[in-house]
Amino acid sequence: MKKKSIYILCPQLSGRGGMESIIGIVANQLKKDNYHVTVYIDNTPRYCEWVKELKSKNVNVICGNKFLRTFIFYYLFIFGSQQKIFIVAGTSRFASTGIKLRKILRKKWKMYYWLHFSLKHNMNYKYLSKVDGILTISSAIAKQLRDIGVNEEKINLVYNPFILNNSRIESLPEKRRHFVYIGRLEEKQKNVSELLKAIGHTENIYLDVFGDGPDMKKYKQLSKKLGIDQRVYWHGWKKHVWKAIDFQPEALVLPSNFEGFPMILLEAMGKGIPCITSDFLGYKDIIQDHINGEHYDLGNEYQLSKLLKSFDRNNYSRKAIINSIDRYNASEYFKKFYSAIDIQNY
């Protein structure tokens, strides 16, 4: 039987985010299982390494631009095999256009919505009930769907895939307490200023920041204003960030206003590193207080500061931290993912 063609429709991406990592893992696995895979990106990513890696695995990648994106987008929906599967990882515009064209042209292909963020950040709910299924990456998002009346049978909680790399990180020779932040440096989602302010209420606590973004300059200015510029180290973006970290962090800290299913937490826990996060919607899917990390109330820099002061990584078992994320291994993930889009390989 001829394998189906699968199209993953992505929003505008930078080429360095967590969504890129997940889409890469999924596209590569689909390709390994002999499906015809096309990844459509609604822009040309600023950082092209990710696109090149996908192409090197024989994944077809199409990048839109302001002149051709509409033509390309409609072409994907209108022409080709009836055996297509569309997985919308982007905006509701993709789903609404696809659903309308399927009805008008009497096409038989399937369309699934792959929700990576809270419904608060996917404002057009109209077409959620009209797609063939919805893949959610957190139990909190699944609950939101049920709360707005989406049919339970269409909701598939798949989480995100994780490939374990539990190599150890060597400890610092000096007795300094270093916490790390790894991610994009922007305020709307990542809320890094809250972490900097919390550090400002401490003494003898250091922060290593790995990443870049539009608010880096503002954050550096804030750290200087808070008098912590000698305790915050800016390392920039690193392709292989865990190889760049040559010390054992106390914990990874994620102060985000919102997240989908942050892979950086799983990466840290896979190395036995505990994590501290804000109580963003869905954090409970990953954080188990006193076992693999702790949480604090979003917006409470003083509570975070108190947690940083009292935190001791020696109170957390490396084995227990790694075991806490076992249910997210890639093999289990693809059983759920393939079942959700009604194809059989696992």
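Reading the values: rules and limits
- Residues numbered from 1 in each chain as written.
- Predicted model: local features only at pLDDT ≥ 70, side-chain atom pairs only at ≥ 80, totals over all residues.
- Heavy atoms only, no water.
- Pairing = 2+ DSSP bridges.
- Helix = DSSP H or I, 4+ residues; strand = E, 2+ residues; numbered from the N terminus.
- Axes fitted to C-alpha atoms, helices over the stretch in contact; angles between N-to-C directions.
- Contact = heavy atoms within 4.5 Å.
- Patch = residues over 30% accessible without salt bridge, like charges linked within 9 Å, V, L, I, M, F, W, Y side chains within 5 Å.
- Areas by Shrake-Rupley, 256 points an atom, 1.4 Å probe, with all protein chains shown as cover.
- Salt bridge = Lys/Arg side-chain N within 4 Å of Asp/Glu carboxyl O.
- Lys, Arg positive; Asp, Glu negative; His and termini not counted.
- Charge placed at Lys NZ, Arg CZ, Asp CG, Glu CD.
- Buried < 20%, exposed > 50% of the residue type's maximum accessible area, 1.4 Å probe, protein only.
- Parallel < 35°, antiparallel > 145°, perpendicular 65-115°, else oblique.
- Left-handed = near helix turned anticlockwise from the far one by under 90°.
- Nonpolar A, V, L, I, M, F, W, Y, C, P; charged D, E, K, R; others polar.
- Right-handed = clockwise from strand over helix to strand, strands pointing away.
- Core = buried A, V, L, I, M, F, W, Y, C linked by side-chain atoms within 4.5 Å.
- Expected span 1.5 Å × (residues − 1).

S.K.: Help me understand the sheet that holds strand S10 (residues 232-236), please; the structure alone is not making it clear to me.
M.R.: Adjacent strands of a sheet form backbone hydrogen bonds with each other and so pair up, either parallel or antiparallel. Judged by pairing direction, the sheet is parallel, and its 6 strands sit side by side in the order S10-S9-S8-S11-S12-S13 without closing on themselves. The sheet terminates laterally at S10 and strand S13 (293-296), the two strands that pair on one side only. Each adjacent strand pair in this sheet contributes to an overall mean axis angle of 25°, direction not counted. Pairing geometry for strand S8 (residues 177-182) and strand S9 (residues 205-210), over 6 bridges, is parallel. Directly across from Phe-179, in S9, lies its bridge partner Leu-207. Those strands touched by helix H7 (residues 192-200) are S8, S9, S10, strand S11 (251-254) and S13, and its axis lies near 160° from that of S9.

S.K.: What exactly am I supposed to notice about a positive patch on the surface here?
M.R.: Side chains of Lys-100, Lys-103, Lys-126 and Lys-130 sit close together on the surface and give a patch of like positive charge. Counting through the fold element by element, Lys-100 comes out in helix H4 (residues 92-105).

S.K.: Mind showing me how you'd approach the pattern of salt bridges here?
M.R.: Within this structure, the stated rule accounts for 10 salt bridges. Notably, a salt bridge pairs Lys-143 with Asp-147, separated by 2.9 Å at the nearest N-O pair. You can see Lys-143 and its partner Asp-147 sitting in helix H5 (residues 139-147), 4 residues apart, about one turn around the helix. Ionic pairing is found between Arg-146 and Glu-152, a salt bridge with its closest N-O pair at 3.8 Å. A residue is classified by how much of its surface remains accessible, and Arg-146, at 38% relative accessible area, is partly exposed. Through salt bridges that share partners, Arg-177, Glu-250 and Arg-313 make up one connected network.

S.K.: Explain the packing of helix H3 (residues 69-78) against H4 to me, please; I cannot follow it from the model alone.
M.R.: Describing two packed helices takes the angle between their axes plus the distance from one axis to the other. Where H3 contacts H4, the axes come no closer than 10 Å and their chain directions differ by 45°. In this view, H3 runs oblique relative to H4, as classed from their interaxial angle. The interaxial crossing formed by H3 with H4 has right-handed handedness. Counted together, Phe-73, Tyr-74, Phe-77 and Ile-78 of H3 and Arg-93, Phe-94, Thr-97, Gly-98, Leu-101 and Leu-105 of H4 form the full contact between these two elements. For the contact of H3 with H4, a count of residues per class yields 7 nonpolar, 2 polar and 1 charged.

S.K.: Any chance you could explain the pairing of strand S3 (residues 60-63) here in plain terms?
M.R.: Strand residues, when the strand is regular, have side chains that alternate between the two faces of the sheet. For strand S2 (residues 36-41) and S3, the ladder comprises 4 bridges, and the chain directions are parallel. Paired with Ile-41 across the two strands is Cys-63, which belongs to S3. What joins S2 to S3 is helix H2 (residues 49-56), and the crossover it makes is right-handed.

S.K.: Explain a nonpolar patch on the surface here, please?
M.R.: A surface patch of nonpolar side chains, amounting to about 370 Å² of accessible area, comprises Phe-71, Tyr-75 and Phe-79. Mapped onto the elements, Tyr-75 comes out in helix H3. Exposure remark for Tyr-75: the relative accessible area of 44% places this residue in the partly exposed category.

S.K.: Can you walk me through the nonpolar core in this structure?
M.R.: Within soluble globular proteins, side chains that are nonpolar generally end up buried alongside one another. Ile-8, Leu-9, Trp-114, Leu-252, Ile-276, Leu-308 and Phe-337 are the most contacted members of the largest nonpolar core, which has 114 residues in total. Among residues more than four places away in sequence, those in contact with Ile-8 are Ile-23, Val-26, Ala-27, Leu-30, Thr-38, Val-39, Tyr-40, Ile-87, Ala-89 and Trp-114.

S.K.: Would you take a moment to explain helix H1 (residues 18-32) for this structure?
M.R.: Since one α-helical turn is 3.6 residues long, residues separated by three or four positions face the same way. The first and last C-alpha atoms of H1 sit 21 Å apart over 15 residues, in line with the 21 Å expected at 1.5 Å per residue. Residues Met-19, Glu-20, Ile-22, Ile-23, Gly-24, Val-26, Ala-27, Asn-28, Gln-29 and Leu-30 constitute the buried set of H1. In this structure, the buried residues of H1 make contact with strand S1 (5-10), S2, H2, strand S5 (110-115), helix H10 (263-270) and helix H13 (330-340). Just beyond H1, the residue with positive phi is Asn-34, at close to 70°.

S.K.: I keep staring at the environment of Ile-134 and nothing clicks. Help me out?
M.R.: When you line up the elements, Ile-134 lands in strand S6 (residues 133-136). Sequence spacing of Ile-134 and Ser-256 is 122 residues, and the spatial spacing of their C-alpha atoms is 25 Å. Not counting the four nearest positions on each side in its chain, Ile-134 is found in contact with Tyr-113, Leu-115, Leu-128, Leu-145, Val-150, Lys-154, Ile-155 and Asn-156.

S.K.: Explain the sheet that holds S5 here, please?
M.R.: An order of S3-S2-S1-S4-S5-S6-S7 is seen for the 7 strands of this open sheet, with the pairing classed as parallel. If you trace the sheet from one side to the other, it starts and ends with S3 and strand S7 (155-157), each paired once. Each adjacent strand pair in this sheet contributes to an overall mean axis angle of 20°, direction not counted.

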